[in-house]
Amino acid sequence: MKKQFFVYIFISLFLTSYIFSQTVYKVEKGDTLYSISKKYQITVAELRTANNLKENDIIKVGQKLIIPDADISTAAALSTNKKVTIDKNIKTENYQVQKGDTLYGIAKKNGISVAELMALNNLNSSSVIKVGQKLKLYKKELPSVTVNETTVSLSTNIPDTRSYGSTINSDSSTKWPVANPKVTQIKGKVWGVQLSAKTNEAVKCINEGTVMYVGIYRGFGQVVFVQNKTGLIYAYTGLGSVNVRKGEYVLSDAVLGTAGIDTLSKNSQITLMVFQNGQPIDPAKAPRS
């Protein structure tokens, strides 16, 4: 009986350590936040948020940094420069920030996304939390947030496995980044549409705005984020090449890059996702310009 008890304790401790394990990187000479984020194929904003760093903070040799899980919805939320308001009638409880806490850690511990935590507390990508600060967390009810008078429902129960849905018969007048694509729904942790394309076909901007991120993002290949004037983030992913730079303002129909080749299907295609405060919305219904 005693032996079974110790086996049970060992398994429990093993599972606990496995669940809460995370990648930690020790800063080496010559490292920058940019070079580290590039190595792990995430955004600098995600790396800063996971380690509660300000924009001008300098990392030091030997410093240990948490490498967050790649989550393109969080990357999109941290790429926006818009703040978010939330329904005041939502029932919340206060959490007091402890030493060593980060937005990433608090979100992970409470089973919500960083985007949701930011929405609840009206934070943006440059926000840094302090010990003793009180943050709002919700219990059972899932709230909605409002950005520029548009409401988006938040959900913490999104499956991690991506799957493909049916082909969408969108209106022929609907503007897409590539010409006359086959449009297939993508469902899962994040969702959007997969668009068939011709080899090396030009990928065009469908709504003008500012390029907020350009780079390789883990699991999505080469990615371009464009934020429109109302704060929506248009994520063009799986590109073969990129023609724009971060900070550039691109007009509608501007060429962002070319379509890439999917590593699994070997087909020429891209994926389009549209986010509002890190929450996906239907790309077919997202505004065009």
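Computed from a predicted structure; not experimentally measured.

1. Structural notes on the overall build of the protein chain
So, point 1. Helix and strand counts for the protein chain stand at six helices and 18 strands.
So, point 2. Burial analysis of the protein chain (289 residues in total) assigns 43% to the buried set.
So, point 3. The contacts of the protein chain with a sequence gap of at least 6 include a subset with a gap of at least 24, amounting to 64%.

2. What about helix 2 (residues 33-40)?
One turn of an α-helix holds 3.6 residues; hence residues three or four places apart share an orientation.
So, point 1. Of the positions making up helix 2, those classed as buried are Leu-33, Ile-36 and Ser-37. Buried residues of helix 2, seen end-on, are gathered within an arc of 100° and therefore sit on one face of the element. Along helix 2, exposed side chains directed more than 90 degrees from the buried face belong to Tyr-34, Lys-38 and Lys-39.
So, point 2. Of the surrounding secondary structure, the elements contacted by the buried residues of helix 2 are strand 1 (23-26), helix 3 (44-50) and strand 2 (64-67).

3. Notes on the pattern of salt bridges
So, point 1. According to the stated counting rule, one finds two salt bridges in the structure shown.
So, point 2. With its nearest N and O atoms 3.7 Å apart, the salt bridge here joins Asp-69 to Lys-108. Here Asp-69 is found in the loop between strand 2 and helix 4 (72-79), whereas its partner Lys-108 is found in helix 5 (residues 103-109), with 39 residues between them in sequence.
So, point 3. Lys-108 gets classed as partly exposed once you look at its relative accessible area, which sits at 37%.
So, point 4. Residue Lys-175 pairs with Asp-253 through a salt bridge whose shortest N-O separation is 3.3 Å. Here Asp-253 lies in the loop between strand 15 (249-250) and strand 16 (255-261) and Lys-175 lies in the loop between strand 8 (163-167) and strand 9 (183-187), a separation of 78 residues in the sequence.
So, point 5. Look at Lys-175 and you get partly exposed, because its relative accessible area is 22%.

4. Remarks on the environment of Tyr-236
So, point 1. Along the polypeptide, Tyr-236 turns up in strand 14 (residues 233-242).
So, point 2. Exposure remark for Tyr-236: the relative accessible area of 0% places this residue in the buried category.
So, point 3. Counting along the chain gives 59 residues from Tyr-236 to Pro-177, while the straight-line C-alpha distance between them is 8.4 Å.
So, point 4. Among the polar contacts listed, one links the side chain of Tyr-236 to the backbone nitrogen of Ile-206, at a separation of 3.0 Å.

5. A look at the side chain of Thr-271
So, point 1. By the secondary structure assignment, Thr-271 is in strand 17 (residues 268-276).
So, point 2. Residue Thr-271 is classed as buried on the basis of its relative accessible area, which comes to 12%.
So, point 3. Other than its neighbours up to four places away in sequence, Thr-271 contacts Ile-186, Val-193, Gln-194, Ala-235, Tyr-236 and Thr-237.

6. A word on the pairing of strand 2
So, point 1. Of the two faces of strand 2, only the one carrying Leu-65 and Ile-67 is buried; Lys-64 and Ile-66 on the other face are not.
So, point 2. Examined bridge by bridge, strand 1 and strand 2 share four bridges and lie antiparallel to one another. Note on strand 2: the bridge partner recorded for Lys-26 is Lys-64.

7. Section: the nonpolar core
Across soluble globular proteins, you tend to see nonpolar side chains buried next to one another.
So, point 1. Within the largest apolar cluster, 24 residues are counted, with the highest numbers of intra-cluster contacts made by Leu-195, Val-226 and Tyr-236.
So, point 2. Elements that contribute at least two residues to this core include exactly strand 10 (192-196), strand 13 (221-227), strand 14, strand 16 and strand 17.
So, point 3. Counting residues in hydrophobic clusters, the runner-up holds 23 residues, among them Tyr-25, Ile-36, Ile-59 and Leu-65.

8. Some points on the pairing of strand 12 (residues 209-217)
Two faces, one strand: in a regular strand the side chains alternate between the faces of the sheet.
So, point 1. Strand direction decides the pairing type here: strand 12 and strand 15, joined by two bridges, are antiparallel. The partner of Thr-210 across the bridge, within strand 15, is Tyr-249.
So, point 2. In this sheet, strand 13 lies alongside strand 12 in antiparallel orientation, the contact comprising seven bridges. Paired with Tyr-217 across the two strands is Gly-221, which belongs to strand 13.

9. Some details on helix 4
So, point 1. Taken across its eight residues, helix 4 has eight buried, putting it largely inside the fold.
So, point 2. Along helix 4, the residues that are buried comprise Ile-72, Ser-73, Thr-74, Ala-75, Ala-76, Ala-77, Leu-78 and Ser-79.
So, point 3. Buried residues along helix 4 sit against helix 3, helix 6 (114-120), strand 12, strand 13, strand 14 and strand 17.

10. A look at the environment of Val-178
So, point 1. Turning to its location among the elements, Val-178 is positioned in the loop between strand 8 and strand 9.
So, point 2. Exposure remark for Val-178: the relative accessible area of 4% places this residue in the buried category.
So, point 3. Linking Val-178 and Ala-197, residues 19 residues apart in sequence, is a C-alpha distance of 6.3 Å.
So, point 4. Beyond its immediate chain neighbours, meaning those up to four positions away, Val-178 contacts Leu-195, Ser-196, Ala-197, Glu-201, Ala-202, Val-203 and Ile-270.

11. Some points on the environment of Gly-30
So, point 1. Looking at the element boundaries, Gly-30 is found in the loop between strand 1 and helix 2.
So, point 2. What makes Gly-30 exposed here is its relative accessible area of 67%.

Each value, and the rule that gives it
- Within each chain, residues carry numbers counting from 1 in the order of the written sequence.
- Note on the predicted model: pLDDT of at least 70 is required for a residue's local features to be given, and 80 or more for side-chain atom pairs to be given and counted; whole-chain, interface and lining totals, by contrast, use all residues.
- Only hydrogens and water are set aside when side-chain values are computed; all heavy atoms of the structure are taken into account.
- The way it works is that DSSP assigns letters per residue, a run of H or I at least four long becomes a helix, a run of E at least two long becomes a strand, and they are numbered from the N terminus.
- To sort residues, take the accessible area from a 1.4 Å probe on protein chains only and compare it with the maximum for the residue type: under 20% means buried, over 50% means exposed, and anything in between is partly exposed.
- Contacts: residue pairs with any heavy atoms within 4.5 Å of one another.
- Of all possible arcs, the one meant is that of the directions from the helix axis to the C-beta atoms.
- Just to be clear on terms, a salt bridge is a Lys or Arg side-chain nitrogen sitting within 4 Å of an Asp or Glu carboxyl oxygen.
- Here a polar contact means two N or O atoms within 3.5 Å. Within protein one must be a hydrogen donor candidate and the other an acceptor candidate, and residues neighboring in sequence count only if both atoms are side-chain atoms.
- When DSSP locates at least two bridges between a pair of strands, those strands are taken to pair.
- Nonpolar cores are built from buried Ala, Val, Leu, Ile, Met, Phe, Trp, Tyr and Cys residues. Side-chain atoms within 4.5 Å join them into one set.

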